[in-house]
Amino acid sequence: MRNSRFFKLLVPDTRIYLIIISLFIIIISFYNHVIGITGVFLLAYLIYYNLKISNIRREEWTRYIEGLSSDIDSATKQAILNLPIPLTIIEFDGTITWYNSKFIEIIERNDILERDIQDLVPEFDLKNVLQNKKEKISEIKIGDRYFKVLYNIIKLSKEHSSNYIIMLYWVEKTDYLLIKKKYEEEKTIIALIQVDNYDEVMQSTEEVNRPMVMAEIDHRLNIWSKKLKGFMRKYTNDKFIVVFGKQYLDALEAKKFELLDEIRDINIGNKIPITLSIGVGLEGENLMQSCEFANTAKDLALGRGGDQVVVKKNQKISFYGGKTKAVEKRTKVKARVIAHALRQLMEQSENVMVMGHKNADLDSLGAAIGIHRAARNAKKESYIVLNGSNPAISVLMNRLMEKEIYKRTIISSDEARQIINPNTLLVVVDTHRPSFTEGPELLEMTDNIVVMDHHRRGMEFIENTVLNYHETYVSSTCELVTEVFFYMEEKASIDPIEADALLSGIAVDTKNFTFKTGARTFEAASLLKRAGADTISVKQLFQDDLDTMLSRAEVIKDAHITQGTVAISAYLHTKNAQLIAAQAADELLNIRGIEASFVLAQLEDGTTIISGRSMGAVNVQVILEKLGGGGHLTVAGAQLKDCPLEEGREQLEKVIDEYFEEGEEE
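Source: prediction; values computed, not measured.

Here is what the cut-offs are and how they apply
- For every chain, the first residue of the written sequence is number 1, and numbering continues from 1 along that sequence.
- Residue-level local features of this predicted model are given only where pLDDT is at least 70; pairs of side-chain atoms are given and counted only at 80 or more, and the full residue set underlies all totals for whole chains, interfaces and linings.
- To get the side-chain values, take all heavy atoms of the structure and skip hydrogens and water.
- Helical segments are the DSSP runs of H or I of at least four residues, strand segments are the runs of E of at least two, and each set is numbered from the N terminus.
- Residues are treated as being in contact if the distance between any of their heavy atoms lies within 4.5 Å.
- Think of a polar contact as two N or O atoms within 3.5 Å of one another; within protein, one of them needs to be a possible hydrogen donor and the other a possible acceptor, and neighboring residues in sequence only count if both atoms come from side chains.
- Take the buried residues of types Ala, Val, Leu, Ile, Met, Phe, Trp, Tyr and Cys, join any two whose side-chain atoms come within 4.5 Å, and each joined set is a nonpolar core.
- Relative accessible area decides the class of each residue, using a 1.4 Å probe on protein chains only: under 20% of the type maximum gives buried, over 50% gives exposed, and in between gives partly exposed.
- Salt bridge, as used here, is a side-chain nitrogen of Lys or Arg placed within 4 Å of a carboxyl oxygen of Asp or Glu.
- UniProt positions are given in the numbering used here, feature names are shortened, and annotations may be inferred rather than shown by experiment.
- One fewer than the residue count of a helix, multiplied by 1.5 Å, yields its expected span.
- A pair of strands is considered paired only if DSSP assigns at least 2 bridges between the two.
- Axes here refer to lines fitted to C-alpha atoms; in helices the fit is confined to the stretch in contact. Angles between the N-to-C directions go from 0 to 180 degrees.
- Roughly parallel means an angle under 35 degrees; roughly antiparallel means over 145; roughly perpendicular covers 65 to 115; every other angle is labelled oblique.
- Here is the rule for handedness: rotate from the far helix to the near one, and if that takes an anticlockwise turn smaller than a right angle the crossing is left-handed, while a clockwise turn gives right-handed.
- All residues other than Ala, Val, Leu, Ile, Met, Phe, Trp, Tyr, Cys, Pro, Asp, Glu, Lys and Arg, Gly among them, are scored as polar; the first ten of these are nonpolar and the last four charged.
- Working definition: a ring pair exists when centres of Phe, Tyr or Trp rings (six-membered ring for Trp) sit within 6.5 Å. Plane angles under 30 degrees give stacked, over 60 give edge-to-face, the rest tilted.
- Both a distance and an angle decide whether a charge sits over a ring: NZ of Lys or CZ of Arg must be within 6 Å of the ring centre and within 35 degrees of the ring normal.
- Whether a crossover is right-handed comes down to one check: with the strands pointing away from the viewer, does the path from the first strand over the helix to the second run clockwise; if it does, it is right-handed.

S.K.: So what exactly am I meant to see when it comes to the environment of Thr 446 here?
M.R.: On the secondary structure map, Thr 446 appears in the loop between β15 (424-429) and β16 (449-453). Not counting residues within four places of it along the chain, the set of residues in contact with Thr 446 comprises Ile 420, Asn 421, Pro 422, Thr 424 and Leu 426. Here the side chain of Thr 446 touches Pro 422 through a polar contact of 3.5 Å, landing on its backbone oxygen. Among the polar contacts made by the side chain of Thr 446, one reaches the main-chain carbonyl oxygen of Thr 424 at a distance of 2.8 Å.

Take a look at the structure:
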């Protein structure tokens, strides 16, 4: 810019010269009129000559520009005609007004002039061009080829039937997509496989048949891996790793990983069906991360009771299987190890804090009381975090409040925040989900966290625990705590009311020793009975008033049947909603022909809750997980925030239908 101005100063316009000459002539005329008049004639000639030369130059410049434009137009026409990519010119209504030979090659027809572009290329939507949605036209399929459409909207300067035209440039990306597809298909997938009831299967099988059982498992896993064009390696008696390509994953998911059924069908003298837990990891940044995904997925499958496949695609997790009951572990070695470790953690901590889930039930509160007593036996200051009572635990809470120790040690989460410190041992019982706890913020205030739970593991769980005792085969968390409690010291002291609390937790989750009851359940109950638990006192914890019984009867009366064996009902009031919904769901299973029951209710804050119960043939956990809930095969629940009751019922019926449709497909 500066150079241009400097150049103009050095080479001024002709008019400047004429103005200067005019000034000189005026000055000369003042002194000599003859010379001045002569100068005027010369100035007139110069002006005439300048105008003539300027006109000649303008005409020459115009002819030059016109000639240049003609050359450019000719070059442009040749470039468009010989463009190496397909080109189409259309009007705003989609009518084709011009095309080149390359476009004919991809359409493979000649009669396309004045035709609608969308008739020739159905996947092309003109609206996406007019609305400037470039991402919508990035992959248009024509025959077996794929194209990305670039476009240019041009306003015409001459008269035309339309003021605008659209130029479409069809850039082929078939080779790119084929390479991308090949790359995606050849991505490595890692599957970690574990026989989740190996010890129980071997113990139930005669010694002579054990090698054949293991050989059959190896054989079927080898056949499975070969079908996937992958390879399998066995690294312990009950653990395997399989590596294969991603192109086989869709087929595996479509068939719901039928390997689970094939392994379960093995019957070579084994009295217990063999089940697998499989963790599949993919979409990691590298093989190490994919392996970490697979390990996390396998842990999740084991935490949910086994006999299932968990697929972790980066942040997305999918579940397959999990429709059988978890097998009870006969050995108590793990309980002894956990008891010893928990005792050491308590002794090394400044104080102990026990926290259950929101809206506590007898299992949650009973387990908390058991851990609280164990901490007191270890001479540690201990607290139970509880944000208030509810009808399910009110009778037990009234009894506890008669004792001075519980008046002082049952505190709210706000009070707990004032007491907790980095040296506090925080024990979470009857839940593994941070958002379900009484005080999720407490989990961030100490690194010493222990989790004891029996629910099938969900996608949300407490991480970085120092001790995790998560067993899905047990009846209740109170059963877990009872075993650990009596292993922590030889002569563990416990008050009768604390033994009652633990026994009531077992009773409520087993529906009075009916569901999910194993030999170890009765052994735990026996320990509590010897410690002073009173079954009559426990029975009184479950007594209801007349209004509650009438409300429960009303819910049962309004139930309707879907899918032939599933009962659905709703409690239309908010008073004692959770308690009545749970009890009514239990009662509905007493009706002949009912395999599963669901009862909905709405809390005062607008949350719709769902209680699900099953006799075992229907997995209520899988159903309610689709609504963000969880639990067990026979007992589960869900909470729908800001959801009207009727809308919640519609969502529930939809996922029940999906569950049975998937079952029919299998």
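S.K.: Would you mind showing me how to read the nonpolar core here?
M.R.: A general trend in soluble globular proteins is that nonpolar side chains are found buried together. In this structure, Leu 342, Met 346, Ile 371, Leu 400, Val 427 and Met 452 are the most contacted members of the largest nonpolar core, which totals 54 residues. Looking at this core, the element that brings in the most residues is helix α14 (residues 362-377), giving 8 residues. Those residues in contact with Val 427 that sit more than four places away from it in its chain are Val 352, Met 353, Val 354, Met 355, Ile 371, Val 450 and Met 452. In this structure, Val 242, Leu 249, Leu 259 and Ile 272 belong to the second largest nonpolar core, which totals 33 residues.

S.K.: How should the pattern of salt bridges be read in this particular structure?
M.R.: Close approach of charged atoms allows side chains of opposite charge to pair. A complete count under the given rule lists 23 salt bridges for this structure. Here Arg 520 ties to Glu 483 by a salt bridge, and the two come within 2.6 Å at their closest N and O atoms. Remark: Glu 483 occurs in helix α18 (residues 477-488) and Arg 520 occurs in helix α20 (residues 519-530); sequence separation between them is 37 residues. Taking the relative accessible area as the measure of exposure, Arg 520 reaches 3% and is therefore buried. A relative accessible area of 3% places Glu 483 in the buried class. Lys 626 is the salt-bridge partner of Glu 658, the closest N and O atoms lying 3.9 Å from each other. A residue pair is termed long-range when its members are at least 10 positions apart, and Glu 658 in helix α25 (residues 645-665) and Lys 626 in the loop between α24 (620-625) and β22 (630-631) qualify at 32 residues. The exposure class assigned to Glu 658 is partly exposed, which follows from its relative accessible area of 29%. Linked through salt bridges whose partners overlap, the residues forming this network are Glu 184, Lys 187, Lys 246 and Glu 283.

S.K.: Which parts of the structure should I look at to understand the UniProt feature "domain: GGDEF" (unreviewed entry) in the protein?
M.R.: Per the UniProt record, the feature "domain: GGDEF" (unreviewed entry) sits at residues 186-314. For residues 186-314, the end-to-end C-alpha separation is 17 Å, with 42% helix and 26% strand making up the annotated structure.

S.K.: Can you help me understand helix α9 (residues 210-227) in this one?
M.R.: In an α-helix there are 3.6 residues to a turn, and that puts residues three or four apart on one side. The terminal C-alpha atoms of α9, which comprises 18 residues, lie 26 Å apart, in line with the 26 Å expected from a rise of 1.5 Å per residue. Here α9 has its buried residues at Val 213, Met 214, Glu 216, Ile 217, Asp 218, Leu 221, Trp 224 and Ser 225. Residue Lys 229 follows α9 closely and has a positive phi angle near 55 degrees.

S.K.: Sorry, what's going on with the sheet that holds strand β19 (residues 566-571) here?
M.R.: The strands making up a sheet associate through backbone hydrogen bonding, with each pair oriented either parallel or antiparallel. With mixed pairing, 6 strands are arranged side by side in an open sheet as β18-β19-β20-β21-β23-β22. Of all strands in the sheet, those bounded by a partner on one side alone are β18 (560-562) and β22. Sheet analysis places strand β20 (residues 596-602) next to strand β21 (residues 608-614), joined by 7 bridges and oriented antiparallel. In the sheet register, Ala 596 faces β21, and the bridge partner there is Ser 614.

S.K.: What is the right way to read the packing of helix α13 (residues 333-348) against α14 from this model?
M.R.: When two helices pack together, their arrangement is given by the angle between their axes and by how far apart the axes lie. Packing of α13 against α14 leaves a shortest axis separation of 10 Å and a crossing angle of 60 degrees. If you check the angle between α13 and α14, you find them oblique. Relative to α14, the crossing made by α13 is right-handed. Of the residues in α14, those in contact with Leu 342, Arg 343 and Met 346 of α13 are Ile 371, Ala 374, Ala 375 and Asn 377. Per-class residue counts for the contact of α13 with α14 are 5 nonpolar, 1 polar and 1 charged.

S.K.: Even after reading the chapter, I still don't get the UniProt feature "transmembrane region" (unreviewed entry) in the protein, so can you show me in this structure?
M.R.: UniProt tags residues 16-48 as "transmembrane region" (unreviewed entry). In this annotation, residues 16-48 is assigned 97% helix and 0% strand; the end-to-end C-alpha distance for the span is 15 Å.

S.K.: Just to check I follow, could you spell out unusual backbone geometry for this structure?
M.R.: With glycine set apart, most residues show a phi of negative sign, and most peptide bonds adopt trans. Of note, Lys 256 is a non-glycine position whose phi angle comes to about 60 degrees, a positive value. Residue placement: Lys 256 occurs in the loop between α10 (249-254) and α11 (259-264). Note on Lys 256: relative accessible area 22%, which makes it partly exposed. For Asp 430, which is not a glycine, the phi torsion comes out positive at approximately 65 degrees. Relative to the helices and strands, Asp 430 resides in the loop between β15 and β16. Residue Asp 430 is classed as buried on the basis of its relative accessible area of 2%.

S.K.: Can you help me understand the packing of aromatic side chains in this one?
M.R.: Any aromatic ring pair is given by two values, namely how distant the centres are and how the planes are angled relative to each other. Enumeration over the complete set of coordinates arrives at 8 aromatic pairs. A centroid spacing of 6.3 Å and a plane angle of 25 degrees characterise the contact between Tyr 45 and Tyr 49, whose relative ring orientation is stacked. Taken as a pair, Tyr 45 and Tyr 49 lie in helix α3 (residues 33-81) at a separation of 4 residues, close to a single helical turn. On the basis of relative accessible area, Tyr 49 is assigned to the partly exposed category, the value being 43%. Ring geometry for Phe 513 versus Phe 522: centroids 5.5 Å apart, planes at 20 degrees, classification stacked. The partly exposed category is assigned to Phe 513, whose relative accessible area is 27%. For Phe 522, a relative accessible area of 47% translates into the label partly exposed. Linked through ring pairs, Phe 103, Phe 124 and Trp 170 together constitute an aromatic cluster. The lysine or arginine in question, Lys 312, covers the ring of Phe 293, its NZ or CZ lying 5.0 Å from the ring centre. For the cation-ring pair, Arg 433 lies above Phe 436, with the distance from its terminal atom to the ring centre recorded as 5.1 Å.

S.K.: What's the story with the packing of α14 against α18 in this structure? I'm lost.
M.R.: At their nearest, the axes of α14 and α18 sit 8 Å apart, and the two run at 15 degrees to each other. It follows from the interaxial angle that α14 and α18 lie roughly parallel. For the pair α14 and α18, the crossing hand works out as left-handed. Contacts between α14 and α18 involve Leu 362, Asp 363, Gly 366, Ala 367, Gly 370, Ile 371, Arg 373, Ala 374 and Asn 377 from the first element and Thr 477, Cys 478, Val 481, Phe 485 and Met 488 from the second. Residues of the contact of α14 with α18, tallied by class, amount to 8 nonpolar, 4 polar and 2 charged.

S.K.: Quick question: what am I supposed to make of the pairing of strand β9 (residues 276-282) here?
M.R.: Residues in a regular strand point their side chains to alternate faces of the sheet. Counted residue by residue, β9 has 7 buried out of 7 residues, so it is predominantly covered. With 6 bridges connecting them, strand β6 (residues 188-195) and β9 associate as antiparallel partners. What sits directly across from Leu 192, in β9, is Gly 279. Taken together, the 6 bridges between β9 and strand β10 (residues 308-313) define a ladder with parallel strand orientation. In the strand pairing of β10, Gly 279 is matched with Val 310. The parallel pair β9 and β10, bridged by helix α12 (residues 287-303), forms a crossover whose chirality is left-handed.

S.K.: Teacher, can you tell me more about the side chain of Arg 613 here?
M.R.: For Arg 613, the location among the structural elements is in strand β21. For Arg 613, a relative accessible area of 8% translates into the label buried. In terms of polar contacts, Arg 613 uses its side chain to reach the side chain of Asp 586, at 2.8 Å. Dropping the residues within four chain positions of it, Arg 613 is found in contact with Lys 511, Ala 582, Ala 585, Asp 586, Leu 589, Glu 595, Ala 596, Ser 597, Val 620, Thr 634, Val 635 and Ala 636.

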